[in-house]
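Observations on the three-dimensional arrangement
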Amino acid sequence: MAAFSATHCRSYSYSASITRGKKHRFAFSYSFPRLPAPAKAKAFLQSLRNSHQTAVLMQHGVVATKVTHEANEIPKDKLKNELLSFTSTKEWDERAWFDGNENESTHFTIYGYARSKMTDAELRTMVSKTLTCRIDKRENCNEKMDQFLKRCFYHSGQYDSEENFSQLDKKLRKHEAVKCASLSASSGNGWTRVIVEKPFGRDSESSAMLTKALKQYLEEDQIFRIDHYLGKELVENLSVLRFANLIFEPLWSRRYIRNVQLIFSEDFGTEGRGGYFDNYGIIRDIMQNHLLQILALFAMETPVSLDAEDIRNEKVKVLRSMRPLRLEDVVVGQYKSHSRGGVTYPSYTDDKTVPKDSLTPTFAAAALFIDNARWDGVPFLMKAGKALHSRRAEIRVQFRHVPGNLYNRNFGPDLDCATNELVIRVQPGEAIFLKINNKVPGLGMRLDRSNLNLHYAARYSKEIPDAYERLLLDAIEGERRLFIRSDELDAAWALFTPVLAELEEKKIIPESYPYGSRGPVGAHYLAARHNVRWGDLDMEQ
Ligand SMILES: NC(=O)C1=CN([C@@H]2O[C@H](COP(=O)(O)OP(=O)(O)OC[C@H]3O[C@@H](n4cnc5c(N)ncnc54)[C@H](OP(=O)(O)O)[C@@H]3O)[C@@H](O)[C@H]2O)C=CC1
Ligand SMILES: O=C1O[C@H](COP(=O)(O)O)[C@@H](O)[C@H](O)[C@H]1O
């Protein structure tokens, strides 16, 4: 449980900056997607304008550090507006976020911490490979990047070594204006926020231990558990679609919806990430968090307001209304080597970071049920896998057949193919489309299925923010709506823990599927048992 070592290690936790005036502590963990290990570390950043801030990049860990910032707290919404409203380079420069002057009002440092040996320069090279000037692309990009990189440092250490954290602490102090005054995890003055990246344990018990350990030092409202899927644009839009459009909410129940599918697939394997992945597997990595969070948002009742607690209350209710997953409602798979076009793609166990006899699933499909009045009997099917034929994440809502349909004969023998389907494509190519039946123009009466299509790239010229951009800003603002509360997490683990234990106890052998395929055939049988056909298999999509 390396995550604990950071919070337990006082010397580390207290090491962040303090300046004059009001003290604030803020920490977040961040995984740099697409960076090679070990730079895909968790970052603990204290970041506020007019602050002295320190960030620590870590692998698996939870850290509390301090942010100090001068007397006035930036009002909620103002910070986000400021961050998003730069219209010119001049304006950006005037605001001088990364002004390079250590004595100016802006100061932060980012520290990487992991076991791998690496110099500051190597960390910087690694970070620079994915760093872009997303907000201000026009001028001084290289200069701004240099200024940013100069503030990145690295310290190598073990996750459970107080001595190593002490060394880190010493280094952090060098970047601080004033020595830390307090030995508590929270600042006595201002605020402390800790962002924790998953995994939040690997079952109910270990998750509860993690929560207990966090709560030794922090209050519930100081804990920001990140599920980066909640920061994705289309997931944010889910509630808008449902609650701001009269036409959808009345259809959002067992009365009109036949099944709901939550699909995640990646067209690459673990590729060296097996060290982490093999201990978790796809159910813990994707289903228990990302897909379940989307399901909860999709299925919850109308919240009293958009306040974090109102939304999270509704999500917990849905999760607690769900049946724990049964072994017969789960299919697991593992990818095998496959050659195509003269290229041989490796099997999961070819990954050097994976044990040769691993039974860890890289694919899973599951049927879940919500036993409440709205969703009774509606299968919520999840499917998640690595090394599949495409990369996508989407929600597919298949509606019931039109009763007494006048046009049944025009649809052909398979009425399922003619039902309406709403597709919310989270990525790539963010889109919402509704499949409708339509008359093909002409003198005859031929019907086909067409899409009413909201394709974001065509509709909006704005670049879609990265999920972490949104979530980190929310954390800075203290907005908890998109973060996972302890009781939500408990309810989520309660659904998956029994089946995960059974899979492991019974050493269930995952079904093989070739790298780059559509996954094991068992997923189709599972869906068929619940009268469902996976929507992503249609040729027309
Ligand atoms: N990749 C992504 O897109 C996302 C990842 N995450 C989460 O971030 C975390 C890390 O993911 P990611 O950075 O991609 O994973 P990586 O496997 O790329 O990085 C893991 C790093 O963690 C360190 N580590 C700590 N404990 C272990 C261990 N027991 N076995 C192997 N490595 C360990 C290693 O560094 P060292 O050996 O130097 O200590 C390693 O480089 C995971 O918890 C994941 O769920 C969340 C969202 C997205
Ligand atoms: O949390 C995780 O998510 C990534 C996929 O994230 P995405 O934003 O690129 O879709 C996944 O690759 C990783 O295994 C998992 O830990």
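Residues numbered from 1 in each chain as written. Chains lettered and ligands numbered in written order. Predicted model: local features only at pLDDT ≥ 70, side-chain atom pairs only at ≥ 80, totals over all residues.

**Considerations on the overall build of the protein**
When its secondary structure is counted, the protein shows 17 helices and 19 strands. Relative to its full complement of 541 residues, the protein shows a buried share of 42%. Taking the contacts inside the protein whose residues are at least 6 apart along the sequence as the reference set, 75% of them involve residues at least 24 apart. (Helix = DSSP H or I, 4+ residues; strand = E, 2+ residues; numbered from the N terminus. Buried ≥ 20, exposed ≤ 12 C-beta atoms within 10 Å, placed from the backbone. Contact = placed C-beta atoms within 7 Å.)

**Digging into the confidence of the model for the protein**
For residues with low pLDDT, the predicted coordinates do not support detailed interpretation. Predicted confidence across the protein gives a mean pLDDT of 80, with 76% of residues reaching 70 or more. The low-confidence segment residues 177–182, where pLDDT is below 50, has 15 contacts with residues more than four positions distant or belonging to other chains. Overall fold confidence for the complex sits at a pTM of 0.80, while the interface term, ipTM, reaches 0.91. (pLDDT = per-residue confidence, 0-100.)

**Considerations on the UniProt feature "domain: Glucose-6-phosphate dehydrogenase C-terminal" (unreviewed entry) in the protein**
According to UniProt, the "domain: Glucose-6-phosphate dehydrogenase C-terminal" (unreviewed entry) feature falls on residues 240–534. Counting secondary structure, residues 240–534 comes out at 29% helix and 24% strand; the distance between its end C-alpha atoms is 25 Å. (UniProt positions renumbered as here; feature names shortened; annotations may be inferred.)

**Quick notes on the pairing of strand 8 (residues 223–226)**
Side chains Ile223 and Arg225 of strand 8 all project onto a buried face; the interleaved residues Phe224 and Ile226 project onto the opposite face, where all are buried too. As paired elements, strand 7 (residues 192–197) and strand 8 share 4 bridges and run parallel to each other. The partner of Val196 across the bridge, within strand 8, is Arg225. Once you follow strand 7 into helix 8 (residues 204–217) and on to strand 8, the crossover reads as right-handed. (Pairing = 2+ DSSP bridges. Right-handed = clockwise from strand over helix to strand, strands pointing away.)

**Side note on the environment of Arg312**
Here Arg312 shows up in helix 12 (residues 308–320). Residue Arg312 is classed as buried on the basis of its 21 C-beta neighbours within 10 Å. In sequence terms Arg312 and Arg481 are 169 residues apart; their C-alpha atoms lie 7.1 Å from each other. Setting aside residues no more than four positions away along its own chain, Arg312 makes contact with Arg485 and Glu488.

**Side note on the nonpolar core**
Ranked by size, the top nonpolar core spans 92 residues in total, and within it Met287, Leu291, Ala364 and Met382 carry the most contacts. If one sorts the elements of this core by residue count, helix 11 (residues 281–299) sits on top with 12 residues. Here this core gathers at least three residues from each of two domains, domain 1 (2–197) and domain 2 (230–397 + 485–537). Contact partners of Met382, with chain neighbours within four places excluded, come to Leu262, Met287, Leu291, Ala365, Ala366 and Leu368. Of all hydrophobic cores here, the second largest spans 13 residues; its members include Ile110, Tyr111, Leu123 and Phe165. (Core = buried A, V, L, I, M, F, W, Y, C linked by C-beta atoms within 7 Å. Domains from an automatic or database assignment.)

**A short note on the packing of helix 8 against helix 16 (residues 486–505)**
Two elements in contact, helix 8 and helix 16, have axes separated by 9 Å at closest approach and are oriented at 165°. Comparing their axes, helix 16 and helix 8 come out roughly antiparallel. At the point where helix 8 passes helix 16, the crossing takes the right-handed sense. On the side of helix 8, the interface is formed by Ser204, Ser207, Ala208 and Thr211, while helix 16 contributes Ser486, Leu489, Asp490, Trp493, Ala494 and Thr497. Looking at side-chain class alone, the contact of helix 8 with helix 16 contains 4 nonpolar, 5 polar and 1 charged residues. (Axes fitted to C-alpha atoms, helices over the stretch in contact; angles between N-to-C directions. Parallel < 35°, antiparallel > 145°, perpendicular 65-115°, else oblique. Left-handed = near helix turned anticlockwise from the far one by under 90°. Nonpolar A, V, L, I, M, F, W, Y, C, P; charged D, E, K, R; others polar.)

**Observations regarding the packing of helix 9 (residues 233–243) against helix 11**
Between helix 9 and helix 11, the shortest axis-to-axis distance is 9 Å and the interhelical angle comes to 15°. It follows from the interaxial angle that helix 9 and helix 11 lie roughly parallel. Helix-helix and strand crossings are classified by hand; for helix 9 and helix 11 the assignment is right-handed. Counting all contacts with helix 9, which are made through Val235, Leu238 and Ser239, the residues of helix 11 involved are Ile294, Leu297 and Phe298. Its residues assigned to classes, the contact of helix 9 with helix 11 comprises 5 nonpolar, 1 polar and no charged.

**Focus on the sheet that holds strand 17 (residues 431–439)**
If you trace the 9 strands from one edge of the open sheet to the other, you get 18-17-16-15-9-14-13-10-19, paired in mixed fashion. One side of each edge strand has no neighbouring strand; the edge strands of this open sheet are strand 18 (447–455) and strand 19 (511–514). Going from strand to strand, the sheet's axes swing by 20° on average, the running direction of each strand aside. Of the strand pairs in this sheet, strand 16 (residues 421–427) and strand 17 are connected by 5 bridges, and their pairing is antiparallel. Bridge assignment links Glu421 to a residue of strand 17, and that residue is Lys435.

**Re the environment of Leu149**
Turning to its location among the elements, Leu149 is positioned in helix 6 (residues 141–150). Put simply, Leu149 and Ile110 are 39 residues apart on the chain and 9.0 Å apart in space, counted from C-alpha to C-alpha. The contact partners of Leu149, leaving out residues within four places of it in the chain, are Arg124, Val127 and Ser128.

**Examining unusual backbone geometry**
The step from Lys198 to Pro199 runs through a cis peptide bond, and the omega angle for that step is 10°. If you trace the backbone, Pro199 turns up in the loop between strand 7 and helix 8. Cis geometry marks the peptide bond from Gln427 to Pro428, where omega comes out at -15°. Mapped onto the secondary structure, Pro428 falls in the loop between strand 16 and strand 17. In this model, Glu271 sits at a positive phi of 40°, which is unusual for a non-glycine residue. By the secondary structure assignment, Glu271 is in the loop between strand 9 (257–265) and helix 10 (274–277). The backbone of Lys507 sits at a positive phi, close to 45°, despite the residue not being glycine. Note that Lys507 resides in the loop between helix 16 and strand 19. Residue Lys507 is classed as exposed on the basis of its C-beta count, with 7 C-beta atoms lying within 10 Å.

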